[in-house]
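Residue strings, one per chain:
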Amino acid sequence: MTHPRHWSLGTKLPLTLAFVVVAVSLTIGLVMVAQERGRIRADLEQRAMQEAYSVAANAVDATLRSDYWALFKILEQISRGKEADPRPVVTGVILDKNGVVMAALDPRAFPVGLHMASADPVERTRIRNLIEAKLPWTTWGGLGGGAFVEAVHPIEASQTITGLVLLRLSAAEISSRTWMASFTILGITAALAGVGSAIGAYISNRMIQPLQELAAAMDLVAQGSGDVPQVTIHDYDEIGRLI
């Protein structure tokens, strides 16, 4: 394999220009992907909190009456959403002020009438702190395809906390949209690299052809030949003045 030092300028210049274009394109692309990912995360957090707020607002009376069926229907309605805007709800739970499950989209995972985290003291403490905080909250959990954003919103009646809504939305949308943005950026980068290489090849050919003709003429002079062709001047830049 020939060492790069022995490559011609006609090879070096297009490769250098293509490398610069690819590096700049990838840098800009990565920044755009990071910004898009952050925007999607913020949008998903906002959606989760809006859904949790909607459940909390509609569940006040049913919570006071301990109407478990009405609470379940509220969760079910939120999870279905609209056909044009399906909500990626992983799970939803409504707790009373003591952390006991009043309704859940998955009763097998969160049995009604039992504390949500009866077997996990750490989770039990977290639930108690969320109830005592009396503030809406969002947090992230899970990994990979199982990642989710959890929105927590208190159920309040007459300035008294009567329960808590926990709603988890799937974060799979973030991965899918990030992959789509990445593939788009890779395609744009490849196209720009091709354009950069073509432009570099054209520029290098304009620059190097007069030098190649001059080098050939000087070789003939060194050999003592009297038939030396005239070198054509293409541009009147530094190379043109040299010739």
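These figures come from a predicted structure and were not determined experimentally. (Residues numbered from 1 in each chain as written. Predicted model: local features only at pLDDT ≥ 70, side-chain atom pairs only at ≥ 80, totals over all residues. Heavy atoms only, no water.)

Engineer: Lay out the pairing of strand β4 (residues 148-157) with the relevant residues and their values.
Structural biologist: In terms of burial, β4 is largely enclosed, as nine of its 10 residues are buried. Bridging between β4 and strand β5 (residues 160-170) involves 10 bridges; their strand directions are antiparallel. Considered in β5, the bridge of Ile 155 is made with Gly 163. As consecutive antiparallel partners, β4 and β5 are separated by two residues, and within that stretch Ser 158 has a phi angle of approximately 55 degrees, a positive value. (Buried < 20%, exposed > 50% of the residue type's maximum accessible area, 1.4 Å probe, protein only. Helix = DSSP H or I, 4+ residues; strand = E, 2+ residues; numbered from the N terminus. Pairing = 2+ DSSP bridges.)

Engineer: Kindly report on helix α4 (residues 121-133), identifying the contributing residues and their values.
Structural biologist: Over its 13 residues, α4 extends 18 Å from the first C-alpha to the last, a length consistent with the 18 Å expected when each residue adds 1.5 Å. Tucked inside the fold, the buried residues of α4 contact β1 (89-96), β3 (137-141), β4 and β5. (Expected span 1.5 Å × (residues − 1). Contact = heavy atoms within 4.5 Å.)

Engineer: I'd like to hear about the nonpolar core, residue by residue, with values.
Structural biologist: Core analysis: the biggest nonpolar cluster contains 28 residues, and Val 55, Leu 71, Ile 94, Ile 155, Val 165, Leu 167 and Leu 169 have the highest contact counts within it. Listing elements by their share of this core, those giving two or more residues are α1 (9-58), α2 (60-65), α3 (68-80), β1, β2 (101-104), β4 and β5. With near-sequence residues (within four places) excluded, Leu 169 lies in contact with Leu 44, Arg 47, Ala 48, Pro 88, Val 89, Val 90, Ala 147, Phe 148 and Val 149. Judged by nonpolar contacts, the second largest core, of 13 residues, contains Val 93, Ala 104, Met 116 and Leu 166. (Core = buried A, V, L, I, M, F, W, Y, C linked by side-chain atoms within 4.5 Å.)

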